[in-house]
Amino acid sequence: MREVAVIGIGQTKIDEHWDSSLRVLAGDAALAAIHDAGVSGVEAVFVGNMMSGSANHQQHLGAYIADWIGLRYTEAVRVEAACSSGAATFRSAIMAVASGEVDSALAIGVEKMTDSPGAEITAELATAADADWEGEIGISFVALNALVMQRYMYEYQWKHDDFANFSINAHANAVHNPNARFRKAISFSTYQKSPMICEPISVMDASPMGDGAAALVIVPAEMARRINRPVIRVAGSGAATDALAVHDRRDPLWLSAAEKSAKQAYQQAGIGPEQINFFEVHDAFTIMATLSLEACGFAERGQGVRLALENEITPTGRIPIATMGGLKGRGHPVGATGMYQLAETVIQLRGEAGPTQIENARFGMTQNIGGSGSNIITHILQRES
Ligand SMILES: CC(=O)SCCNC(=O)CCNC(=O)[C@H](O)C(C)(C)COP(=O)(O)OP(=O)(O)OC[C@H]1O[C@@H](n2cnc3c(N)ncnc32)[C@H](O)[C@@H]1OP(=O)(O)O
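Residues numbered from 1 in each chain as written. Predicted model: local features only at pLDDT ≥ 70, side-chain atom pairs only at ≥ 80, totals over all residues. Heavy atoms only, no water.

Caption draft 1: A look at the UniProt feature "domain: Thiolase N-terminal" (unreviewed entry) in the chain. Within the UniProt annotation, "domain: Thiolase N-terminal" (unreviewed entry) is assigned to residues 5-221. For residues 5-221, the helix share is 39%, the strand share is 18%, and the end-to-end C-alpha distance is 5 Å. (UniProt positions renumbered as here; feature names shortened; annotations may be inferred. Helix = DSSP H or I, 4+ residues; strand = E, 2+ residues; numbered from the N terminus.)

Caption draft 2: Empty space enclosed by the protein, seen in detail. This model, assessed by the stated rule, comprises two cavities of 30 Å³ or more. Here the largest cavity defines a volume of roughly 50 Å³. Asn145, Val148, Val246, Arg249, Pro252, Leu255, Met288, Leu291 and Ser372 are the residues that line the largest cavity. Looking at the lining of the largest cavity, the elements that each hand over two or more residues are helix H6 (141-156) and helix H11 (286-295). Considering only residue class, the lining of the largest cavity consists of six nonpolar, two polar and one charged. Approximately 30 Å³ is the volume found for the second largest cavity. Around the second largest cavity sit Phe166, Ser167, Asp205, Asp283, Phe285, Thr286 and Lys328, which together line it. Per-class residue counts for the lining of the second largest cavity are two nonpolar, two polar and three charged. (1 Å grid on protein atoms, 1.4 Å probe; cavity = no way out; pocket = protein on both sides within 12 Å on 5 of 7 lines; lining within 4 Å. Points joined across faces, edges and corners; volume = space filled by probe spheres on them. Nonpolar A, V, L, I, M, F, W, Y, C, P; charged D, E, K, R; others polar.)

Caption draft 3: Molecular detail of the packing of aromatic side chains. Inspection of every chain in the model, using the stated rule, returns three aromatic pairs. Taking the centre distance of 5.0 Å and the plane angle of 65° together, the rings of Tyr152 and Tyr156 count as edge-to-face. With Tyr152 and Tyr156 both in helix H6, this residue pair falls four residues apart, about one helical turn. Residue Tyr156 is classed as partly exposed on the basis of its relative accessible area, which comes to 23%. Ring centres of Tyr152 and Phe163 lie 6.2 Å apart, and the angle between their planes is 65°; this geometry places the pair in the edge-to-face category. Linking Tyr152 in helix H6 with Phe163 in the loop between H6 and helix H7 (164-174), this pair joins segments that are eleven residues apart in sequence. Per residue, the accessibility class of Tyr152 equals that of Phe163, and both read buried. Three or more aromatic residues link up through ring pairs in this structure, and these residues are Tyr152, Tyr156 and Phe163. (Phe/Tyr/Trp six-rings, centres within 6.5 Å; stacked < 30°, edge-to-face > 60°. Buried < 20%, exposed > 50% of the residue type's maximum accessible area, 1.4 Å probe, protein only.)

Right, here's the structure in full:
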């Protein structure tokens, strides 16, 4: 397999984009990535998305987007893995280039959620849960994660307030990200007063919906090394699944798929969690960020919350997370999120992150979670020079 690198990124602001269709959003991000890469085209296009068929009446996305950006007669397919569709798409693209099948690939993640009424979109999101055991009883993703958070707080004796810094850090970092949906810092009191959705998850524990697209251009690393720009190499990539239904898991409070995919990525990169300079975590809910930090080796079991409490997750902490707002502040257009995480990691590694720049960052990690932890994909990007 060849080494691969990212040479171009593009993204739209996450918002309620009433005036832009799915392909306009995807096209804007894709063309920005192609422009950033300085190439005239690519050999293959991969489009990540979760629910365009039901939410936007456009299931067939590969040719739809490729044609829109002027790439007719190019290979183009859609990739779906629920909320981890973005990272799954990136993984397909890097494998295509690493195998030698193509010399350039464009990975796009796009989702348009605000066209559908709230109840409808909540039901569509719930299709990422187990239809027979979870969807059947009408459970939403907020409710599913609330059950896990309840159990976690009971088991390890944490209070709701102890999770506040996940939200405070994400929103503080989102202030400096022009593509973030909520560019407003929040205080501890905002967190405390936030309306409860499904106890113990309040609005400030949950990532907001939104519309958006992000894209990356991937080429062989040897080609990237000939460009006069920092080389951002894909050092590691891992993917793993778990039982779809939470009650079927070995331990509902441990993300086994996160652990396995992170281990694969660490092994490929030849490093451990201590060498990761920042982590774009899947903070769809504060409890999910907590469990992800533990499974990836940044905290002991039941102690992920302590990293937030002790301010170790801020840009100057031991393991900075959500450095450009995370899902909480930037927004979570589900099938696009993994691609936003990767684009932000490239920005950090290029040294272009502004006030939330991580000093001397060499290794950035992303983790994109699908379902309530049933499909998890981890990537490690490295700045070579
Ligand atoms: C593996 C996975 O990734 S699973 C995750 C899948 N994603 C989800 O489940 C989505 C979770 N989020 C939600 O369900 C919704 O966004 C909710 C319940 C948090 C909020 O929904 P609603 O109550 O409909 O929010 P609504 O859009 O009416 O906004 C109400 C206000 O709160 C603000 N707001 C809404 N959500 C958030 C948020 N998460 N953070 C900060 N502010 C928010 C809005 O801007 C709005 O402010 P305004 O009144 O000043 O305009």
